[in-house]
Amino acid sequence: MIQSVAFIGLGAMGYRMAAHLPKHFDTVYVWNRTFAKAEQHAAEYATQAVALEQAVQADIIFSCLPTSADVEHLLKDLPLKAGSIWVDCTSGVPESARKLVTQLSDQGVIFLDAPVSGQTIGAENATLTVMVGGDAQGFEKALPAMQAFGKLIKHVGESGSGFAVKAMNNMLMAAHLCAAAEGLTTLKAHRVNLSEALDCINASSGKSMVTETVIPQRILNRSFPLTFALPLLAKDTGIAIDLAQEAKLSVPVLALAQNLIQAANSLSDKNSDFSTAVKMYESWSKITIE
Ligand code: NDP
């Protein structure tokens, strides 16, 4: 029986994910590094903005920070409550999940890697996909809390598996983004109407989430709204490539996509949406995808 939950890291995702918890649980603690955001969340959603030391006394503690390094840093020397479950929704590093499982088990705490997909709109609508790695019993216990913001929630394997699935998902999305940018600049060079072309592709076998939503909603209309920062995507493709290298696999397509995303990231402002990666292609080809 879950009596209390906590959410740590009220960023673009966390702020929205934590907003659903008070609908299901009486005691919901929130904490954020910039504490004013936690206070704003409390005022908006009837959560309780508390010190980090109090937040981690909840039965289920969610975290959603940029990187595993941030989570490790936060957990260093932090006293936890035996019997609680730490559910890390960061898109993190599998090796770090395994390390934290061991570290937290010393305090009687289960660590689950539970990254999410579905973007900020999915967080807002509680329709996120949650891919969970780690202890199966811990997964069952934490499931009701994850259901507050998740729609498809899967236990995908042992510790680190959730982070691995998330990294590979984003790697595939990055590859689709690069391929679509190349395909569309080529079509425009041949004087094709891109909007009509996309309608055809999206009714055909070349479609992807990138062609169905990212290009029409962010790129063709030149809005590039910042909801998922390009450096975070570059981090995810890096994790995916490390996984392939650890397995000693040759992944030429993924390696190329990783290089392209890293190059686009190095050319961009750090507060750029991931969709701005196509601007690198636009600068090479002098063709705008609009
Ligand atoms: P944001 O940059 O919007 O938010 C990051 C949050 O982490 C902020 O609350 C920030 O606090 C906090 N934070 C950053 N560094 C530290 C630190 N060292 N110690 C404590 N708190 C810290 O990120 P997102 O919400 O976009 O992403 C969070 C995670 O979710 C990432 O791993 C990302 O890859 C993943 N993700 C993002 C999606 C998206 O569409 N945005 C979709 C799916 C997954 P402060 O307010 O003080 O800066």
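Residues numbered from 1 in each chain as written. Predicted model: local features only at pLDDT ≥ 70, side-chain atom pairs only at ≥ 80, totals over all residues. Heavy atoms only, no water.

Give a detailed account of the site of the ligand, specifying residues and quantitative values.
The full set close to the ligand counts 23 residues, and Ala12, Asn32, Thr34, Lys37 and Thr227 are the nearest of them. In the model, an oxygen atom of the ligand is placed 3.2 Å from a nitrogen or oxygen of the Gly11 main chain. In this structure, Leu65 approaches the ligand through a main-chain N or O atom, which is 3.1 Å from an oxygen atom. Burial of the ligand by the protein amounts to 85% of the accessible area it has alone, namely 900 Å². With respect to the pocket detection grid, the ligand is positioned in the largest pocket. Its residues placed into classes, the shell around the ligand shows nine nonpolar, nine polar and five charged. There are two domains that each give the shell around the ligand at least three residues, and those are domain 1 (4–158) and domain 2 (164–285). (Near = heavy atom within 4 Å. Polar contact = N/O pair within 3.5 Å; in protein donor to acceptor, adjacent residues only side chain to side chain. Areas by Shrake-Rupley, 256 points an atom, 1.4 Å probe, with all protein chains shown as cover. 1 Å grid on protein atoms, 1.4 Å probe; cavity = no way out; pocket = protein on both sides within 12 Å on 5 of 7 lines; lining within 4 Å. Sits in = over half its atoms within 2 Å of the grid points. Nonpolar A, V, L, I, M, F, W, Y, C, P; charged D, E, K, R; others polar. Domains from an automatic or database assignment.)

Talk me through the packing of aromatic side chains; I want residue IDs and the actual numbers.
If you walk through the whole model with that rule in mind, you get five aromatic pairs. Measuring from ring centre to ring centre gives 5.7 Å for Phe7 and Phe62, while their planes differ by 25 degrees; the resulting arrangement is stacked. In this pair, Phe7 is assigned in strand E1 (residues 4–8) and Phe62 in strand E4 (residues 60–63), connecting sequence segments 55 residues apart. By relative accessible area, Phe7 is classed as buried at 0%. By relative accessible area, Phe62 is classed as buried at 0%. On the basis of an interplanar angle of 50 degrees and a centroid distance of 5.6 Å, the ring pair of Phe228 and Phe274 is categorised as tilted. Residue Phe228 is located in the loop between helix H10 (209–219) and helix H11 (230–246), and its partner Phe274 is located in the loop between helix H12 (252–267) and helix H13 (278–285); the two are separated by 46 residues in the primary sequence. An aromatic cluster is defined as three or more aromatic residues linked by ring pairs; in this entry it consists of Phe7, Phe62 and Phe149. When the ring centre of Phe224 is taken as reference, the NZ or CZ atom of Lys279 above it lies at 4.3 Å. (Phe/Tyr/Trp six-rings, centres within 6.5 Å; stacked < 30°, edge-to-face > 60°. Helix = DSSP H or I, 4+ residues; strand = E, 2+ residues; numbered from the N terminus. Buried < 20%, exposed > 50% of the residue type's maximum accessible area, 1.4 Å probe, protein only. Lys NZ or Arg CZ within 6 Å of the ring centre and 35° of its normal.)

Any chance you could break down H13 for me, citing the residues and the numbers?
All of the buried residues in H13 are Val278, Met280, Tyr281 and Glu282. Looking at the buried side of H13, the elements it contacts are helix H8 (161–189), H10 and H12. Where H13 terminates, the next one or two residues include Lys286, which has phi positive at roughly 60 degrees. (Contact = heavy atoms within 4.5 Å.)

Can you explain the pattern of salt bridges? Please cite residues and give values.
For the coordinates displayed, the defined rule picks out nine salt bridges. Arg222 is the partner of Glu282 in a salt bridge, and the nearest nitrogen-oxygen pair spans 2.8 Å. Here the residue Glu282 occupies a position in helix H13, and Arg222 occupies one in the loop between H10 and H11, the gap between them amounting to 60 residues. With a relative accessible area of 9%, Glu282 lands in the buried category. Its relative accessible area of 27% is what places Arg222 among the partly exposed residues. Among the salt bridges present, the one from Asp236 reaches Lys235, with a minimum N-O distance of 3.2 Å. What makes Asp236 buried here is its relative accessible area of 1%. (Salt bridge = Lys/Arg side-chain N within 4 Å of Asp/Glu carboxyl O.)

Explain the domain arrangement of the protein residue by residue, including any values.
Where interface size is quoted, it is often the accessible area lost as the parts come together. Per the domain assignment, the segments of the protein are domain 1 (4–158) and domain 2 (164–285). The distance between the C-alpha centroids of domain 1 and domain 2 comes to 28 Å. Contacts between the two partners involve 14 residues from domain 1 and, on the opposite side, 13 residues from domain 2. Here domain 1 and domain 2 share an interface that buries about 1000 Å² over both sides, 63% of which is from carbon and sulfur atoms. Contact with domain 2 buries area across many residues of domain 1, yet Ser91, Pro94 and Gln119 alone supply 41% of it, more than any other trio. Run the count over domain 1 and domain 2 and you get zero salt bridges. (Buried area = accessible area lost by both parts, 1.4 Å probe.)

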